[in-house]
Amino acid sequence: MDRLREPVTATVIATGRLELLPLRAEFADEMAAVLGDPALHTFIGGAPPAPPELRERYGRLIAGSPDPAVSWCNWVLRVREEGCLAGTVQATVGPGDDGLEAEVAWVVGVPWQGRGLATEAARGLVDRLGQRPVHTVVAHIHPDHAASAAVARACGLAPTDRMHDGEIRWQRTLG
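Rules used in this analysis
Residues numbered from 1 in each chain as written. Predicted model: local features only at pLDDT ≥ 70, side-chain atom pairs only at ≥ 80, totals over all residues. Heavy atoms only, no water. Buried < 20%, exposed > 50% of the residue type's maximum accessible area, 1.4 Å probe, protein only. Helix = DSSP H or I, 4+ residues; strand = E, 2+ residues; numbered from the N terminus. Pairing = 2+ DSSP bridges. Right-handed = clockwise from strand over helix to strand, strands pointing away. Contact = heavy atoms within 4.5 Å. 1 Å grid on protein atoms, 1.4 Å probe; cavity = no way out; pocket = protein on both sides within 12 Å on 5 of 7 lines; lining within 4 Å. Points joined across faces, edges and corners; volume = space filled by probe spheres on them. Nonpolar A, V, L, I, M, F, W, Y, C, P; charged D, E, K, R; others polar. Salt bridge = Lys/Arg side-chain N within 4 Å of Asp/Glu carboxyl O. Core = buried A, V, L, I, M, F, W, Y, C linked by side-chain atoms within 4.5 Å.

Trainee: Sorry, what's going on with the pairing of strand E6 (residues 134–141) here?
Mentor: Two faces make up the sheet, and in a regular strand the side chains alternate between them. Of all eight residues making up E6, eight are buried, and the element is well covered by its neighbours. Pairing between strand E5 (residues 99–108) and E6: four bridges, direction parallel. Bridge pairing links alanine 102 to valine 137 in E6. Handedness of the crossover joining E5 and E6 through helix H4 (residues 117–130): right-handed. Direction of pairing for E6 relative to strand E8 (residues 167–173): antiparallel, over a ladder of six bridges.

Here's what the structure looks like:
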């Protein structure tokens, strides 16, 4: 299979303080607590998910995209020193205008915010995508979400003049 058609999969990514672990349904109970603060949903929308809802959602994500040209890659963030989960990162990889494009996103639970974990996790993810035949990395960020904009900037993404559902498209060309 040629590298441009080879599916991108979630494998363990190690960073300085984190292990990005491929998503599993059994993470749902702990992640429901991580995602449980309503303040976390100010910019991402929705409401804190209950464990059964999250388990069901994780099952769908793990099953993968119905489009064989698109890979859904999802990780939870385990803080090594604390031995606990603290958030998620994800990449949806598929055909873009100039080759493979990865749309990335990150969420860190409120108790772990302000420690640089989102930046560390997102950099680890973008670095891994750079080892794949991914040409472009994008993120969609609410114009008022300064923390996410800082994460995107730290990963080398820059804002564009394109909007999607009220969010600014940030972009970086990898190669």
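Trainee: Is there a simple way to think about the side chain of asparagine 74 in this case?
Mentor: Note that asparagine 74 resides in strand E3 (residues 71–79). Excluding anything up to four places from it in sequence, asparagine 74 contacts Ala10, Leu21, Pro22, Leu23, Leu61, Val89 and Gln90.

Trainee: Please clarify how the layout of surface pockets should be interpreted in this entry.
Mentor: The method is simple in principle: a probe with the dimensions of a water molecule rolls over the atoms, and the space it marks as empty is what remains. When its volume is computed, the largest pocket comes out at roughly 1200 Å³. In terms of lining residues, the largest pocket is bounded by 48 residues, among which Ile44, Thr88, Ala105, Trp106 and Val107 are the most central. Where the lining of the largest pocket is concerned, the elements lending two or more residues are helix H2 (41–44), helix H3 (51–63), E3, strand E4 (84–96), E5, H4, E6 and helix H5 (146–154). Examining the composition of the lining of the largest pocket, we find that six residues originate from one element, E5, more than from any other. Its residues assigned to classes, the lining of the largest pocket shows 29 nonpolar, 15 polar and four charged.

Trainee: Looking at this model, I keep getting lost on the pattern of salt bridges. Mind explaining?
Mentor: Close approach of charged atoms allows side chains with opposite charge to pair. Scanning all chains against the criterion turns up seven salt bridges. A salt bridge links glutamate 53 to arginine 57; the shortest N-O distance between them is 3.4 Å. Residue glutamate 53 and its partner arginine 57 are both found in helix H3; the two are separated by four residues, about one turn of the helix. Its relative accessible area of 43% is what places glutamate 53 among the partly exposed residues. For arginine 57, a relative accessible area of 30% puts it in the partly exposed group. Glutamate 101 is the salt-bridge partner of arginine 169, the closest N and O atoms lying 3.1 Å from each other. With a gap of 68 residues between them, arginine 169 in strand E8 and glutamate 101 in strand E5 connect regions that are remote in the sequence. For the pair formed by arginine 169 and glutamate 101, the shared burial category is buried.

Trainee: Help me understand the nonpolar core, please; the structure alone is not making it clear to me.
Mentor: Nonpolar side chains tend toward joint burial in soluble globular proteins. Grouped together as the largest cluster of nonpolar side chains are 50 residues, with contacts concentrated most on Met31, Val104, Trp106 and Leu129. Sort the elements by how many residues they give to this core and H4 lands first, with seven residues.

Trainee: Please clarify how the sheet that holds strand E7 (residues 158–164) should be interpreted in this entry.
Mentor: Backbone hydrogen bonds are what pair the strands of a sheet, in a parallel or an antiparallel way. Pairing within the open sheet is mixed, and its eight strands lie in the order E1-E2-E3-E4-E5-E6-E8-E7. The open sheet has two free edges, formed respectively by strand E1 (13–14) and E7, since each of these has just one partner strand. Summarising the sheet, E3 and E4 pair through nine bridges and their orientation is antiparallel. Bridge pairing in E4 links serine 71 to valine 93.

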